Each structure stands twice: as structure tokens, then as C-alpha cells.
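Here are the chains, one letter per residue:
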Amino acid sequence: MVFDSEKQSIVSLGQVGDSSSGGMSSVQEPLIKQKHSTENYSVLAAIPPFIFPALGAFLFGYEIGATSCATISIKSPTLSGISWYNLSSVDVGIITSGSLYGALIGSIVAFSIADIIGRRKGLITAAFLYLIGAIVTALAPVFSVLIIGRVVYGIGVGLTMHAAPMYIAETAPSQIRGRMISLKEFSTVFGMVGGYGIGSLWVTVISGWRYMYATVIPIPIIMGIGMCWLPASPRWLLLRSLQGKGDVESLREAAIKSLCRLRGSVEVDSAAKQVDEILAELSSVGEDKEATTGELFQGKCLKALTIAGGLVLFQQITGQPSVLYYAPSILQTAGFSTATDATRISILLGLLKLVMTGVAIIVIDKLGRRPLLLGGVSGMVISLFLLGSYYIFYDNVPAVAVAALLLYVGCYQLSFGPISWLMMSEIFPLKLRGRGISIAVLVNFGTNALVTFAFSPMKELLGAGVLFCGFGVICVVSLFFIYFIVPETKGLTLEEIEAKCL
């Protein structure tokens with residue numbers, strides 16, 4: 001099946017934005033003047049450039065679900081199958097957040113190499129690290145080796161969550177870009193559900209935590225083979241061409257061949273026309289000039305960094321890591337006494353996340369990014385205060401905690417869950433997209449690791465009720481950030497976003 005999409009012609013930008021579209025300032029700025037050619041694409045051709053990068057997101061999600069169950073298994077004197085099961089809360093925190101520290105390392109590495117090796121090779125490297133990390137973790141004879149495996153796996157996570165949204169954004173047709181990147185979040189959630197499910201099967205088996213991590217080993221092999229087969233991002237090839245980092249004509253031809261494969265039914269002449277349009281648009285917004293790291297903190301790049309960094313920061317500090325990693329423990333506190341009860345309820349949470357992410361995928365390119373963010377985060381505010389109130393006032397009614405968790409998870413998956421990664425992948429100018437996303441991913445995993453590690457000590461110090469109410473206050477602040485700072489990018493090409501929203 002082939003789809004067409006008529007692109008509107010944008011000649012100039014007068015008053016850019018208002019309070020209803022993110023509070024953008026009024027500026028007069030030239031935009032892309034030519035009319036875009038119809039962007040045809042084959043559905044079958046559009047699937048592989050999404051599915052193989054999305055396997056990396058699946059592996060990230062699986063790690064979250066499996067680890068929440070593995071920490072229960074590994075602490076059991078009878079089921080852990082090890083002599084070092086008597087772990088402190090700090091040890092458990094290190095296990096839980098070990099992959100996140102690896103992801104921080106991966107983000108730092110990506111900052112240096114992302115625009116040099118490209119998105120495709122970054123994902124191939126991530127697949128290799130996933131494989132090594134999973135094997136080392138599953139076979140770990142001592143605590144220190146377990147942590148090494150977790151960190152190596154986490155470096156793969158960092159590279160994936162940097163390169164996957166970029167590759168999908170730069171290869172997907174603009175009219176379905178929002179859905180495709182949101183489907184990456186769907187893959188993360190699907191992996192989470194898989195991790196909870198596999199974990200619940202092995203949690204009562206001796207050395208079950210080893211099997212939880214070993215089960216996933218075939219997936220990175222498939223991911224690596226798939227990424228070797230896919231072409232490089234045509235926009236990355238054209239950026240290399242514009243900046244003189246290779247033979248201009250050879251890179252242009254490679255971009256045309258890549259676009260033909262990515263669109264399926266597109267004729268060579270049509271692909272060549274689209275490539276020339278992209279080249280012209282990139283030149284018009286200054287992408288032909290070599291970027292410096294200092295530019296990240298100036299002008300439109302600083303604005304993009306503020307938007308992307310702010311979204312991923314609020315995504316984490318509004319309590320999301322705590323709900324995901326500690327869902328079984330929270331549910332045990334709420335009255336689900338056994339580990340298997342809590343784990344199975346976690347599976348239901350994962351399924352809810354899956355359903356709500358599916359809803360977001362369906363409506364995101366129709367309603368837009370801002371309405372989903374504002375509505376979903378408002379629901380998160382209600383759920384966090386409700387959860388805090390349960391621990392302070394209604395601790396004899398476990399249904400209140402379960403209802404609050406369900407509301408939180410559902411609203412998160414309509415808003416911060418998919419849209420933070422979507423906005424991050426499309427808001428940065430191309431020449432600094434690699435480094436910009438690296439910083440945003442670094443912020444994401446840094447705050448994730450901090451919140452995950454600090455949750456248990458803070459819970460003991462302040463109490464769960466005060467802690468969740470604190471998350472609710474931060475959530476209210478994030479609403480103001482979204483309303484006044486975040487623009488609407490629905491229906492725009494990446495080049496139009498750079499010209500119109502920054």
C-alpha cells in the first residue's frame with residue numbers, strides 16, 4: 001500500500017506562535033519557499049526502519065521489567081541460588097540503577113561519536129553491547145561481575161535511546177513520524193510487560209534471576225543483523241555531504257538509494273527530487289556550516305535543548321522511575337502480600353501502559369503533542385496527590401493506591417512517555433542533532449538513576465506519602481513549562497520545525 005501526503009508551501013513566517021502554541025516569540029524569519037513534492041511511501045517499506053531500532057527500545061523496557069522481579073529473586077535465601085543474597089538496600093539500589101549508570105556512559109560516548117559514525121552504526125554497536133551485557137549478567141558468579149554486566153548492558157541502552165529515535169525520525173515519512181517514534185515507546189512498554197511476565201515465571205525458581213536476563217539474549221542478535229541490512233539515514237548522509245565530509249556526489253547518490261529503500265515504491269527521479277529539496281532546505285537554515293559544541297548553548301540550539309532537556313527532566317523527576325522499578329514493592333505495601341501477587345499486578349500495570357501508549361499512537365498525529373502533554377500531565381498531578389494521600393490518610397484502603405497507580409501509568413503513557421522522546425528526536429537542528437540528543441539522553445538517564453537510587457532512602461526519611469506529594473508538586477511545575485515553552489510540531493517536516501519553531 002502506498003500513501004500520499006500533500007505538503008503545504010511555507011513562504012515566510014510572520015508571528016510565530018502564541019500562548020496556545022507554546023509561547024513562541026514573534027519573529028520575522030524566512031522559511032522554506034519551494035513547495036514540497038508529494039511524499040509517497042510504502043507501508044511495508046516503512047516497517048523495517050522502525051522495527052529493528054525498536055528492538056533496542058524493547059530490550060530497554062525488558063530490563064526494567066525483569067530487574068523489578070530479579071531484585072526479589074536475588075535477595076531470597078532459598079531461591080537466589082547464590083551465597084551473597086544478603087544484600088543491603090544500597091546494594092539493591094546499585095543493581096537496580098546499574099544499567100542507568102551504563103546508559104549515562106553510553107550517552108557521553110554518543111555525544112562524541114554520534115555524528116561521526118551515524119545512527120545505523122550506533123545501533124549496531126548497541127546491539128553488540130546488549131548481547132555482552134546480558135550474557136555477563138546471567139552468568140555472574142559474584143556481585144561485582146553482576147554490576148559489570150548491568151553497566152555494559154546500560155551502555156547499550158544509552159546508545160540505543162540516543163540513536164533509535166534519531167534514525168526513526170530521519171527515515172520516517174513526516175505524516176507518520178509521530179506515530180513511528182511513539183511506536184518506539186510502545187516497544188519499550190512491550191518489553192517492560194515481557195520483562196514482568198518472564199520475571200513472574202522465574203521468580204519462584206531457584207536462580208530465577210539468571211534466567212530472566214538470559215531469556216532475552218537472541219533479541220540483540222536479531223537487532224544487529226537487521227541494522228546491518230538497513231541503509232544509513234539519508235539526512236545524515238546529506239549532512240556529511242553539505243559539510244564536505246566525503247565525496248559530495250557519492251553521498252548524494254547514497255542518500256537517493258537510501259530514500260528509495262526507505263520509501264519502497266518511490267521512483268529514482270522522485271527520490272532525487274526529494275533529496276535535492278532536503279539539501280536546499282538544510283542549506284537555507286545554515287546546516288551547511290560546521291557546528292561547534294558552543295552552538296548548542298546559543299540561539300535556536302539552546303531553545304531546542306531547553307525544550308528537549310526540560311521534557312526529559314520532568315519525565316523523570318515526576319516519579320516515573322519510582323513507579324516502574326518499585327511497583328512490586330509499592331503494591332506489596334498496599335496489601336498484595338506475596339512477591340508473586342505484586343509481580344502479577346505489575347504485569348497488569350504494564351498492559352495498561354501498552355494500551356494507553358497505543359491510544360497515544362493513534363491520536364498523536366491528529367491531536368498534536370501539546371494537548372496530550374497538558375491533559376496527561378494534569379492526570380498525573382491528580383494521581384500523585386491521590387497516592388500520597390493514601391499513604392498519609394487512607395492506608396487501610398489498598399484500592400486507593402492501586403487506582404492511583406493505574407491513573408498515573410495511564411496518564412504518563414499519554415504524555416511524557418511517548419512525547420518526550422518524540423520531541424527530543426525532532427526538535428534539534430540536524431547539524432547538532434546528535435550532540436543535542438546526547439545531552440538530553442544524559443539528562444534523562446542521569447535523573448532516572450538519581451531518582452531510582454534515592455527513592456528507597458527518601459521513602460524511609462520522609463515517608464511515602466510526603467514523597468509522592470512532592471512528585472505531585474513537581475508535576476504542577478512541569479505543566480507551566482509545557483504551556484509556556486513547548487511548541488506544537490504536528491505535521492511539520494524536520495526542516496520546517498527548525499525554521500518555524502526555533
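Residues numbered from 1 in each chain as written. Predicted model: local features only at pLDDT ≥ 70, side-chain atom pairs only at ≥ 80, totals over all residues. Heavy atoms only, no water.

1. A closer look at the overall build of the protein
Okay, step 1: When helices and strands are counted, the protein shows 20 helices and four strands.
Okay, step 2: The burial tally for the protein puts 60% of its 502 residues in the buried class.
Okay, step 3: Taking all contacts inside the protein whose residues are at least 6 apart in sequence as the whole, residues at least 24 apart take part in 83%. (Helix = DSSP H or I, 4+ residues; strand = E, 2+ residues; numbered from the N terminus. Buried < 20%, exposed > 50% of the residue type's maximum accessible area, 1.4 Å probe, protein only. Contact = heavy atoms within 4.5 Å.)

2. A short note on the pattern of salt bridges
Okay, step 1: A complete count under the given rule lists nine salt bridges for this structure.
Okay, step 2: Residue Arg 119 is joined to Glu 170 by a salt bridge in which the shortest nitrogen-to-oxygen separation is 2.8 Å. Remark: Glu 170 occurs in helix α4 (residues 143-171) and Arg 119 occurs in helix α3 (residues 89-139); sequence separation between them is 51 residues. For the pair Arg 119 and Glu 170, one class covers both residues: buried.
Okay, step 3: Across the pair Arg 252 and Glu 249 runs a salt bridge whose closest N-O atoms are separated by 3.6 Å. Placement of both Arg 252 and Glu 249 in helix α9 (residues 248-263) is noted, with a separation of three residues, approximately one turn of the helix.
Okay, step 4: Accessibility expressed as a relative area gives 18% for Arg 252, which makes it buried.
Okay, step 5: The network of salt bridges with common partners includes Arg 177, Asp 365, Arg 369 and Glu 426. (Salt bridge = Lys/Arg side-chain N within 4 Å of Asp/Glu carboxyl O.)

3. Considerations on a nonpolar patch on the surface
Okay, step 1: A cluster of nonpolar side chains, Ile 392, Phe 393, Tyr 394, Val 397, Met 458, Leu 461, Leu 462 and Val 466, forms an exposed patch at the surface whose accessible area comes to about 760 Å².
Okay, step 2: It is helix α18 (residues 433-462) that provides the largest number of residues to the nonpolar patch, a total of three residues. (Patch = residues over 30% accessible without salt bridge, like charges linked within 9 Å, V, L, I, M, F, W, Y side chains within 5 Å. Areas by Shrake-Rupley, 256 points an atom, 1.4 Å probe, with all protein chains shown as cover.)

4. Observations regarding the packing of α4 against helix α5 (residues 177-202)
A pair of packed helices can be characterised by two numbers: the angle between their axes and the separation between those axes.
Okay, step 1: Remark: α4 packs on α5, axes separated minimally by 9 Å, with the N-to-C direction vectors making an angle of 150°. Viewed along their axes, α4 and α5 adopt a mutual orientation that is roughly antiparallel. Of the two possible hands of crossing, α4 and α5 adopt the one that is right-handed. Here α4 contributes Met 161, Ala 164, Pro 165, Ile 168 and Ala 169 to the contact with α5, which in turn contributes Arg 177, Met 180, Ile 181, Lys 184 and Thr 188.
Okay, step 2: Taken together, the residues that form the contact of α4 with α5 break down as seven nonpolar, one polar and two charged. (Axes fitted to C-alpha atoms, helices over the stretch in contact; angles between N-to-C directions. Parallel < 35°, antiparallel > 145°, perpendicular 65-115°, else oblique. Left-handed = near helix turned anticlockwise from the far one by under 90°. Nonpolar A, V, L, I, M, F, W, Y, C, P; charged D, E, K, R; others polar.)

5. A word on the packing of helix α15 (residues 369-392) against helix α19 (residues 464-485)
Okay, step 1: Between α15 and α19, the shortest axis-to-axis distance is 7 Å and the interhelical angle comes to 165°. Relative to α19, α15 is oriented roughly antiparallel. Relative to α19, the crossing made by α15 is left-handed.
Okay, step 2: Residue composition of the contact of α15 with α19, grouped by class: 21 nonpolar, five polar and one charged.

6. Looking at the state of the cysteines
Okay, step 1: Here the structure, examined in full by the defined rule, presents zero disulfides.
Okay, step 2: Cys 475 takes part in no disulfide bond, and the closest cysteine sulfur to it belongs to Cys 411, at a distance of 9.3 Å. (Disulfide = S-S within 2.5 Å.)

7. Focus: the environment of Pro 231
Okay, step 1: Among the secondary structure elements, Pro 231 is positioned in the loop between α7 (218-229) and α8 (234-242).
Okay, step 2: For Pro 231 and Arg 261, which are 30 residues apart along the polypeptide, the C-alpha to C-alpha distance reads 7.6 Å.
Okay, step 3: Beyond its immediate chain neighbours, meaning those up to four positions away, Pro 231 contacts Arg 120, Tyr 167, Ser 258, Arg 261 and Leu 262.

8. With respect to helix α2 (residues 48-74)
Okay, step 1: When the terminal C-alpha atoms of α2 are compared, their 37 Å separation across 27 residues agrees well with the 39 Å that a helix rising 1.5 Å per residue should span.
Okay, step 2: Of all bends in α2, the biggest is about 30°, found at Thr 67. (Expected span 1.5 Å × (residues − 1). Bend = angle between axes of the 7 residues up to and from the residue.)

9. Description of the side chain of Glu 426
Okay, step 1: By the element assignment, Glu 426 lies in helix α17 (residues 416-427).
Okay, step 2: Judged by relative accessible area, Glu 426 falls into the buried class, the value being 0%.
Okay, step 3: A distance of 2.9 Å separates polar atoms of two side chains, one belonging to Glu 426 and the other to Arg 177.
Okay, step 4: Excluding residues that lie within four positions of it along the chain, Glu 426 makes contacts with Arg 177, Arg 369, Thr 489, Leu 494 and Ile 497. (Polar contact = N/O pair within 3.5 Å; in protein donor to acceptor, adjacent residues only side chain to side chain.)

10. Some details on unusual backbone geometry
Trans is the common state for peptide bonds, and a negative phi is the common state for residues other than glycine.
Okay, step 1: Its identity is not glycine, yet Ser 207 carries a phi of approximately 60°, on the positive side.
Okay, step 2: Considering the arrangement of structural elements, one finds Ser 207 in the loop between α5 and α6 (208-214).

11. Brief notes about helix α16 (residues 398-414)
Okay, step 1: The end-to-end C-alpha distance of α16, which contains 17 residues, comes to 25 Å, matching closely the 24 Å that a straight helix rising 1.5 Å per residue would cover.
Okay, step 2: With twelve of its 17 residues buried, α16 lies for the most part within the structure.

12. A look at the nonpolar core
Okay, step 1: With 114 residues, the main nonpolar core has Leu 311, Phe 416, Met 424 and Phe 445 as its most contacted residues.
Okay, step 2: Core analysis: the second largest hydrophobic core is formed by 17 residues, Trp 236, Leu 239, Cys 260 and Ala 272 among them. (Core = buried A, V, L, I, M, F, W, Y, C linked by side-chain atoms within 4.5 Å.)

13. Description of the environment of Ala 172
Okay, step 1: Looking at the element boundaries, Ala 172 is found in the loop between α4 and α5.
Okay, step 2: When the C-alpha atoms of Ala 172 and Ser 233 are compared, they prove to be 9.9 Å apart, with 61 residues separating the residues in sequence.

14. Some details on the confidence of the model for the protein
Okay, step 1: Per-residue pLDDT for the protein averages 81, and the proportion of residues at 70 or more is 84%.
Okay, step 2: Low pLDDT (under 50) marks residues 1-35, which in the prediction has 92 contacts with non-local residues, meaning those over four places away or in another chain. (pLDDT = per-residue confidence, 0-100.)

15. Details of the packing of aromatic side chains
Okay, step 1: On inspection of all chains with the given rule, the structure shows twelve aromatic pairs.
Okay, step 2: Feature note: the residues Tyr 390, Tyr 391, Phe 468 and Phe 471 constitute an aromatic cluster, connected by ring pairs.
Okay, step 3: Between the NZ or CZ atom of Arg 261 and the centre of the ring of Trp 229, over which it lies, the distance is 4.9 Å.
Okay, step 4: Here the guanidinium or amino end of Arg 370 rests over the ring plane of Tyr 483, the centre of that ring lying 5.7 Å away. (Phe/Tyr/Trp six-rings, centres within 6.5 Å; stacked < 30°, edge-to-face > 60°. Lys NZ or Arg CZ within 6 Å of the ring centre and 35° of its normal.)

16. Remarks on the environment of Pro 321
Okay, step 1: You can see Pro 321 is positioned in helix α12 (residues 320-325).
Okay, step 2: Judged by relative accessible area, Pro 321 falls into the buried class, the value being 0%.
Okay, step 3: Taking the C-alpha atoms as reference points, Pro 321 and Val 451, 130 residues apart in sequence, are found 6.6 Å from one another.

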